[in-house]
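Examination of the molecular architecture
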Amino acid sequence: MLTLSIIKADTGGHVGHSAVHPAMLATASSRVSDAVDRGLLIDGTVAACGDDVSLIMTHERGADAEEVHSFAWDVFQSTTRVARQHGLYGAGQDLLSDAFSGNLRGMGPGYAELEFTERPSEPVICFLADKTEPGAWNLPLYKMFADPFNTPGLVIDSKMHDGFRFEVYDLHEDKHIWFDCPTDLYELLMYIGAPARYVIHQVESKSLAEVAAATSTQRLSLIAGKYVGKDDPVMIVRAQSGLPAVGEVLEPFAFPYTVAGAMRGSHHAPFMPVSQHQAHPSRFDGPPRVVALGFQVHEGRLGQPRDLFDDPSFDEARRQANVAMDYLRRHGPFEPHRLPLADLEYTTMTQLEARLADRWEPLPTADRQPVSAA
Ligand code: 13P
Ligand code: 13P
Ligand code: MG
Ligand code: MG
């Protein structure tokens, strides 16, 4: 059984929160090559989206493996030191804990891990995002695995006809549930349409009994109890042969749908699919970016990545994202550009409320709203 792990962290930005410094990438890459040489990993590569570094690794140690997680933690300590040497912004931003113990759960770095038996041909797409939260994957995962208007394979391919199962996490209450689609389609949408709280963690093919997709679900603000930067999630999706074709996996991103993130992690803004060399969000710390790196995994090795949004057929999505960004920006500090209070509650709102608690006074009786008996 092979495990593909993407472990990522923001350990410092160049300049501000816009990108990763080349010296940090060089450090991470040499550490990953060492780990391959000494047999910890079968293969590994380093990629960035905005100010987040992703270690994309294959191994046979399973998900949540202590040795793989502690290796990633060490790499992020090293890139943090490089960030400090160069005076980069927010050095060690996502490293919320002082010491590693067992695995990365609750420590700040995000990770998506998928265990599978390699097929004769194994196309896998690694999605990396910056300036948004894990629920950003809900809409595209729904379209890839449940919407025949996006994925004709659901209608045409007999191996896809039975549909897919979606595992959804409730991040506020630490619960999870499986939805069996198409039967549970409407129930699924009721939850995942609220992506700040409900996040798709995995998708499984019913007829192949295989995991087809996995996401990172860490919410930094819920771990830290305050705003410490956005989660900037990653996702792994396997494609073809009874799973959505590569083009069906990418198609949802032709619509630059709105996600939560951008400036101070507190604004709705369009999600822009970009090539790696455009993955540097600098306008209003946005628009939030998504990069798609395709791999033909072979004998456990990743091979050459393909930069899948480096394609003029996504130019129109990028143009529409800029139009949507202009429109939303004109709202300034008003909703729906700014996140609703319920979502800010988990970030800056809590502190503000504590500070102003004494200044709020009850309304005069005559001005109070009648309370419904129901
Ligand atoms: P597979 O069923 O071999 O994945 O082919 C589907 C396809 O690639 C159509 O675009
Ligand atoms: P990052 O989470 O990418 O560091 O962004 C933080 C931020 O506040 C951007 O304005
Ligand atoms: Mg940052
Ligand atoms: Mg980031």
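Residues numbered from 1 in each chain as written. Chains lettered and ligands numbered in written order. Predicted model: local features only at pLDDT ≥ 70, side-chain atom pairs only at ≥ 80, totals over all residues. Heavy atoms only, no water.

Moving on: the coordination of the magnesium ion (ligand 3). Bound to the magnesium ion (ligand 3) on the protein side are Asp10 (OD), His17 (ND1), Asp51 (OD) and Gln93 (OE1), at distances that span 2.0 to 2.8 Å. We note that the donor set of the magnesium ion (ligand 3) lies within a single chain, spaced as D-x6-H-x33-D-x41-Q. Here the magnesium ion (ligand 3) and the magnesium ion (ligand 4) are spaced 4.4 Å apart, linked through aspartate 51, which binds each one. Residue aspartate 10 is classed as buried on the basis of its relative accessible area, which comes to 1%. Given a relative accessible area of 25%, histidine 17 falls into the partly exposed group. (Donors = N, O, S within 2.8 Å, 3.2 Å for Na, K, Ca; no water. Buried < 20%, exposed > 50% of the residue type's maximum accessible area, 1.4 Å probe, protein only.)

Once that is clear, we can look at the site of ligand 2. Of all residues adjacent to ligand 2, which total 14 residues, the nearest are Lys131, Tyr227, Lys230, Arg264 and Asp285. Note that an oxygen atom of ligand 2 is positioned 2.8 Å from one of the side-chain N or O atoms of aspartate 10. In the model, an oxygen atom of ligand 2 is placed 2.8 Å from a nitrogen or oxygen of the glutamine 93 side chain. Looking at side-chain class alone, the shell around ligand 2 contains three nonpolar, three polar and eight charged residues. (Near = heavy atom within 4 Å. Polar contact = N/O pair within 3.5 Å; in protein donor to acceptor, adjacent residues only side chain to side chain. Nonpolar A, V, L, I, M, F, W, Y, C, P; charged D, E, K, R; others polar.)

In the vicinity of ligand 1, the residues found are Gln240, Ser241 and Ala245. At a separation of 2.5 Å, an oxygen atom of ligand 1 approaches a polar side-chain atom of glutamine 240. Serine 241 has a polar backbone atom sitting 2.6 Å from an oxygen atom of ligand 1. Look at ligand 1: alone it shows 300 Å² of surface, and the protein chains cover 38% of it. (Areas by Shrake-Rupley, 256 points an atom, 1.4 Å probe, with all protein chains shown as cover.)

At a minimum axis distance of 11 Å, the contact between helix 3 (residues 138-146) and helix 5 (residues 185-192) shows a crossing angle of 165 degrees. One finds that helix 3 runs roughly antiparallel with respect to helix 5. By crossing handedness, the relation of helix 3 to helix 5 is classed as left-handed. Contacts between helix 3 and helix 5 pair Asn138, Tyr142 and Ala146 from the former with Leu185, Leu188, Leu189 and Ile192 from the latter. (Axes fitted to C-alpha atoms, helices over the stretch in contact; angles between N-to-C directions. Helix = DSSP H or I, 4+ residues; strand = E, 2+ residues; numbered from the N terminus. Parallel < 35°, antiparallel > 145°, perpendicular 65-115°, else oblique. Left-handed = near helix turned anticlockwise from the far one by under 90°. Contact = heavy atoms within 4.5 Å.)

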